[in-house]
Amino acid sequence: MSAETPAAVGQFTRRRLQFRGWRGARPFWAGLLVLLGGFPIMYFPYAHLQFGNLTVAMATTAGAGSLIIGVLLVVLGVSLWFQKHVRVFAGIAAILLALVSIPVANFGGFIIGFMLSLVGGALAVAWAPGEPVESGSAKGDKGEGGAFEVSGGDSASAPSLSAPGGDDRSGTSPANGANGRHSAG
């Protein structure tokens, strides 16, 4: 086997790359944080923690409420993984459930579940699907020095990076066609 011969891709490497592609196409970390945030919220009201001979029970009248909130957060976390089109709804619902868990479920699972669910819900709302990577050189061809050159097109659609201002998106430069008007994009 020489240095130029590529090694056969093993089963582990292939599965890892498949998982990486699956994870990159959905709000994976948001779903994981929301899912993990549901566990302390539903665990602590039913837990009997023992410190030596001292038993601490956090059983409250809101035990059923905290169980419902925790289960809903787990379901929202799983739905963020497998139903990525409901990310905004699931993110807002996770944020609202995290806020409701503060008075209902022992300060949101001692703040642990509250913070995990809040950050996961915010990540779910903020996540946007990426654009697919194009294979080949459909948009540009490599020029000298390995830099891509835009083939065709006018100067209004592609701002000149060699200009003294670089990529001016302030909306005040006549070079980008804004004519002094600000744009929200």
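Every chain is numbered on its own, with residues counted from 1 as its sequence reads. The model is predicted, so local features are restricted to residues of pLDDT at least 70 and side-chain atom pairs to those at 80 or more, both for listing and for counting; the totals for chains, interfaces and linings are taken over all residues. Excluding hydrogens and water, the side-chain values take into account all heavy atoms of the structure.

Concerning the overall build of the protein chain
For step 1, the next point in the chain: Secondary structure elements are taken from DSSP: a helix is a run of H or I of four residues or more, a strand is a run of E of two residues or more, and numbering for both begins at the N terminus. For the protein chain, the count of helices and strands is 6 helices and 4 strands.
For step 2, the next point in the chain: Exposure categories follow from relative accessible area, calculated using a 1.4 Å probe and restricted to protein chains: below 20% of the type maximum is buried, above 50% is exposed, and the middle band is partly exposed. Per-residue burial for the protein chain yields a buried fraction of 26% across its 185 residues.
For step 3, the next point in the chain: Between two residues, a contact is recorded if the distance between any of their heavy atoms is within 4.5 Å. By sequence separation, contacts in the protein chain at least 24 residues apart represent 62% of the contacts at least 6 residues apart.
For step 4, the next point in the chain: For the protein chain, the computed accessible surface area is about 12,600 Å², with 65% contributed by carbon and sulfur atoms. Accessible surface area values rest on a Shrake-Rupley calculation with a 1.4 Å probe, where residue burial reflects the displayed protein chains alone.

Let's talk about the environment of Ala25
For step 1, the next point in the chain: For Ala25, the location among the structural elements is in the loop between helix 1 (11-24) and helix 2 (28-43).
For step 2, the next point in the chain: Taking the C-alpha atoms as reference points, Ala25 and Glu131, 106 residues apart in sequence, are found 9.9 Å from one another.
For step 3, the next point in the chain: Those residues in contact with Ala25, other than ones at most four positions away along the chain, are Lys84 and Trp127.

Section: a nonpolar patch on the surface
For step 1, the next point in the chain: Patch building starts from residues that exceed 30% relative accessible area and form no salt bridge, then joins like charges within 9 Å and nonpolar side chains (Val, Leu, Ile, Met, Phe, Trp, Tyr) within 5 Å. Any Lys or Arg side-chain nitrogen found within 4 Å of a carboxyl oxygen on Asp or Glu counts as a salt bridge. A cluster of nonpolar side chains, namely Trp29, Phe107, Ile111, Met115, Val119 and Leu123, defines an oily patch on the protein surface of about 600 Å² accessible area.
For step 2, the next point in the chain: Tallying contributions element by element places helix 6 (residues 112-126) first for the nonpolar patch, with 3 residues.
For step 3, the next point in the chain: Note that Trp29 resides in helix 2.

Description of the packing of aromatic side chains
For step 1, the next point in the chain: Think of it this way: a Phe, Tyr or Trp ring, Trp meaning its six-membered ring, pairs with another when their centres are within 6.5 Å, and the plane angle makes it stacked under 30 degrees, edge-to-face over 60, tilted otherwise. All told, the structure shown has 9 aromatic pairs when counted by the stated rule.
For step 2, the next point in the chain: Measuring from ring centre to ring centre gives 5.0 Å for Phe28 and Trp29, while their planes differ by 80°; the resulting arrangement is edge-to-face.
For step 3, the next point in the chain: With a centroid separation of 4.8 Å and an interplanar angle of 65°, the aromatic rings of Phe44 and Phe110 are classed as edge-to-face. Of this pair, Phe44 sits in the loop between helix 2 and strand 1 (48-51) while Phe110 sits in helix 5 (residues 106-110), placing them 66 residues apart in sequence.
For step 4, the next point in the chain: Using a relative accessible area of 36% as the deciding quantity, one classes Phe110 as partly exposed.
For step 5, the next point in the chain: Grouped by ring-pair contacts, the aromatic residues Phe19, Trp22, Phe28, Trp29, Trp81 and Phe82 constitute a single cluster.

A few points about the nonpolar core
For step 1, the next point in the chain: To define a nonpolar core, start from buried Ala, Val, Leu, Ile, Met, Phe, Trp, Tyr and Cys residues and group those joined through side-chain atoms within 4.5 Å. Ranked by internal contacts, the top residues of the largest apolar core, which has 13 residues, are Val34, Leu73, Leu76 and Leu80.
For step 2, the next point in the chain: Of all the secondary structure elements, the ones that give two or more residues to this core are helix 2, helix 3 (63-82) and helix 4 (87-104).
For step 3, the next point in the chain: Dropping the residues within four chain positions of it, Leu76 is found in contact with Val34, Ala90, Ala93, Ala94 and Leu97.

Comments concerning helix 3
For step 1, the next point in the chain: The span one expects for a helix is its residue count, reduced by one, times 1.5 Å. For helix 3, which comprises 20 residues, the first-to-last C-alpha distance of 29 Å matches the rise-based estimate of 28 Å (1.5 Å per residue) to within 8%.
For step 2, the next point in the chain: Listing the buried residues of helix 3 in full gives Gly63, Ser66, Ile69, Gly70, Leu73, Val74, Leu76, Gly77, Ser79, Leu80 and Trp81.

So, unusual backbone geometry
For step 1, the next point in the chain: The backbone of Ile111 sits at a positive phi, close to 70°, despite the residue not being glycine.
For step 2, the next point in the chain: Tracing the backbone shows Ile111 in the loop between helix 5 and helix 6.

Overview of the UniProt feature "transmembrane region" (unreviewed entry) in the protein chain
For step 1, the next point in the chain: When the UniProt feature table is mapped to this numbering, "transmembrane region" (unreviewed entry) covers residues 24-44, 56-81 and 88-105.
For step 2, the next point in the chain: With 94% helix and 0% strand, residues 88-105 has end C-alpha atoms that lie 24 Å from one another. UniProt positions are given in the numbering used here, feature names are shortened, and annotations may be inferred rather than shown by experiment.

Brief notes about the confidence of the model for the protein chain
For step 1, the next point in the chain: Per-residue confidence from the predictor is reported as pLDDT, which spans 0 to 100. In this model, the protein chain carries a mean pLDDT of 77, and residues with pLDDT of at least 70 account for 64%.
For step 2, the next point in the chain: Across residues 158-162 the pLDDT falls below 50, and counting only partners more than four positions away or on other chains, this stretch makes 4 contacts in the model.

Description of the packing of helix 3 against helix 4
For step 1, the next point in the chain: To define axes, lines are fitted to C-alpha atoms, for helices over the stretch in contact only, and angles between the resulting N-to-C directions are given on a 0 to 180 degree scale. Between helix 3 and helix 4, the least distance of the axes is 10 Å, while the angle of their chain directions is 160°. Judged by the inter-axis angle, helix 3 sits roughly antiparallel to helix 4. Handedness of the helix 3/helix 4 crossing: left-handed. On the side of helix 3, the interface is formed by Gly65, Ser66, Ile69, Leu72, Leu73, Leu76, Ser79 and Leu80, while helix 4 contributes Arg87, Ala90, Ala93, Ala94, Leu97, Val100, Ser101 and Val104.
For step 2, the next point in the chain: Ten residues, namely Ala, Val, Leu, Ile, Met, Phe, Trp, Tyr, Cys and Pro, are considered nonpolar, four, namely Asp, Glu, Lys and Arg, are considered charged, and the remaining ones, Gly among them, are considered polar. A class-by-class count of the residues in the contact of helix 3 with helix 4 yields 11 nonpolar, 4 polar and 1 charged. Any angle that falls under 35 degrees is termed roughly parallel, while one over 145 is termed roughly antiparallel, one within 65 to 115 roughly perpendicular, and all others oblique. Here is the rule for handedness: rotate from the far helix to the near one, and if that takes an anticlockwise turn smaller than a right angle the crossing is left-handed, while a clockwise turn gives right-handed.

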